[in-house]
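Here's the letter readout for the chains.
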Amino acid sequence: MSIENTSPPLKGFLRLPQVLELIPVSRSRWYLGVKTGEFPAPVRLSANISAWRASDIETLIEQLSANGQ
């Protein structure tokens with residue numbers, strides 16, 4: 001018996017606290033991953049606000065799940 005993901009797809013943008021709820025790593029580890037290209041880069045919404053596309057985070061979660069991480 002398989003368990004299907006019944007949650008709706010993520011839409012819009014996620015701020016860092018929301019991202020870190022989904023990807024349980026520290027802030028410094030997240031930014032290191034962004035710098036090295038392991039994690040997606042943020043989008044600048046304004047001079048002081050960055051966010052991540054929900055679709056990019058959803059894709060990352062799928063990749064991490066496929067790799068067993």
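Caption draft 1: Inspection of the side chain of S50 at higher detail. Topologically, S50 is positioned in strand β3 (residues 49-53). In this structure the side chain of S50 is engaged in a polar contact, spanning 2.8 Å, whose partner is the side chain of R44.

Caption draft 2: Structural view of the confidence of the model for the protein. Of all residues in the protein, 84% have pLDDT values of 70 or greater, and the mean over the chain is 88. At the level of individual helices and strands, the protein shows its lowest average pLDDT in helix α3 (residues 54-66), which scores 93, and its highest in helix α2 (residues 27-36), which scores 98.

Caption draft 3: Spatial organisation of the pattern of salt bridges. This model, assessed by the stated rule, comprises 2 salt bridges. Notably, a salt bridge pairs R29 with E38, separated by 2.7 Å at the nearest N-O pair. What makes R29 partly exposed here is its relative accessible area of 31%. Here R53 makes a salt bridge to D56, at a shortest N to O gap of 3.7 Å.

Caption draft 4: The arrangement of a nonpolar patch on the surface in detail. Nonpolar side chains collect at one region of the surface, where F13, L45 and I49 lie side by side and expose about 250 Å² of accessible area between them. Looking at the element boundaries, F13 is found in strand β1 (residues 13-14).

Caption draft 5: Examining the pairing of β3 more closely. As judged from the 2 bridges shared by β1 and β3, these two strands associate in the antiparallel manner. Across the sheet, the residue bridging to F13 is R53, located in β3. Between strand β2 (residues 43-46) and β3, which pair antiparallel one after the other, the connecting turn spans 2 residues.

Conventions adopted
Residues numbered from 1 in each chain as written. Predicted model: local features only at pLDDT ≥ 70, side-chain atom pairs only at ≥ 80, totals over all residues. Heavy atoms only, no water. Helix = DSSP H or I, 4+ residues; strand = E, 2+ residues; numbered from the N terminus. Polar contact = N/O pair within 3.5 Å; in protein donor to acceptor, adjacent residues only side chain to side chain. pLDDT = per-residue confidence, 0-100. Salt bridge = Lys/Arg side-chain N within 4 Å of Asp/Glu carboxyl O. Buried < 20%, exposed > 50% of the residue type's maximum accessible area, 1.4 Å probe, protein only. Patch = residues over 30% accessible without salt bridge, like charges linked within 9 Å, V, L, I, M, F, W, Y side chains within 5 Å. Areas by Shrake-Rupley, 256 points an atom, 1.4 Å probe, with all protein chains shown as cover. Pairing = 2+ DSSP bridges.

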